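# Commentary on secondary and tertiary structure
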Amino acid sequence: MSGFEFGLIPVAIIIGFALSQILIAWGHIVRQWSALQRPGLFLSFTGIALVGVLSHFVGDWSFRNVDLHFGTIVLIILPTLVLVLAISVILPANEDFPTDLEAHYFRHVRKSAIL
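Please read these numbers as outputs of a predicted model, since none were measured by experiment. (Residues numbered from 1 in each chain as written. Predicted model: local features only at pLDDT ≥ 70, side-chain atom pairs only at ≥ 80, totals over all residues. Heavy atoms only, no water.)

### Observations regarding the environment of G7
Tracing the backbone shows G7 in helix α1 (residues 3-31). Not counting chain neighbours up to four residues away, the residues in contact with G7 comprise I73 and I77. (Helix = DSSP H or I, 4+ residues; strand = E, 2+ residues; numbered from the N terminus. Contact = heavy atoms within 4.5 Å.)

### Side note on a nonpolar patch on the surface
A cluster of nonpolar residues, I9, I13 and F17, forms a patch on the protein surface that exposes about 300 Å² of accessible area. Mapped onto the secondary structure, F17 falls in helix α1. Judged by relative accessible area, which is 52%, F17 ranks as exposed. (Patch = residues over 30% accessible without salt bridge, like charges linked within 9 Å, V, L, I, M, F, W, Y side chains within 5 Å. Areas by Shrake-Rupley, 256 points an atom, 1.4 Å probe, with all protein chains shown as cover. Salt bridge = Lys/Arg side-chain N within 4 Å of Asp/Glu carboxyl O. Buried < 20%, exposed > 50% of the residue type's maximum accessible area, 1.4 Å probe, protein only.)

### Let's talk about the side chain of T46
Residue placement: T46 occurs in helix α2 (residues 40-59). A polar contact is formed between the side chain of T46 and the backbone oxygen of L43, at a distance of 3.0 Å. In contact with T46, other than residues within four places in its own chain, are I22, W26 and L91. (Polar contact = N/O pair within 3.5 Å; in protein donor to acceptor, adjacent residues only side chain to side chain.)

### What to know about unusual backbone geometry
Phi is mostly negative for residues that are not glycine, and the peptide bonds are mostly trans. The residue R38 is not glycine, and still its phi comes out positive at about 50 degrees. By the element assignment, R38 lies in the loop between α1 and α2.

### Some details on the packing of aromatic side chains
Under the defined criterion, the tally for this structure stands at one aromatic pair. Aromatic pair F57 and W61: ring centres 6.4 Å apart, planes at 85 degrees, arrangement edge-to-face. Judged by its relative accessible area of 22%, F57 falls in the partly exposed class. (Phe/Tyr/Trp six-rings, centres within 6.5 Å; stacked < 30°, edge-to-face > 60°.)

### Some points on α2
Residues spaced three or four apart along an α-helix point in a common direction, a consequence of the helix completing one turn every 3.6 residues. With 20 residues, α2 should cover 28 Å at 1.5 Å per step; its first-to-last C-alpha distance of 28 Å lies within 8% of that length. Those residues of α2 lying buried are F42, F45, T46, A49, L50 and V53. All buried residues of α2 lie within an arc of 135 degrees about the axis, which places them on one face of the element. Among the exposed residues of α2, those pointing more than 90 degrees away from its buried face are I48, V51 and V58. Considering only its buried residues, α2 is in contact with α1, α3 (70-90) and α4 (101-114). (Expected span 1.5 Å × (residues − 1). Arc of directions from axis to C-beta.)

Put into structure tokens, the structure is as follows:
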């Protein structure tokens, strides 16, 4: 197994967590669509986050011809972890999904921006 393959496996797992969080949030939005207030900004954020996560994963393929060592692998995994953590800060928990998604977004966006 090359260093690239070794480094991309944890990145793919972490990105899988982010994708599942986004898709679970979309499922809650679809189920509660009639009760939601102002979901546009939240849907925009999750759409941009989805594109960002996927483009980050595709961008990691540029390292496939580079001889990766442990430090380089950590530098590839670290931004992925920060990106997923920033997304999970803004996405609401499953058990207390809010009805005003814009207010929820503005309540948590500063914590995400710090990351």
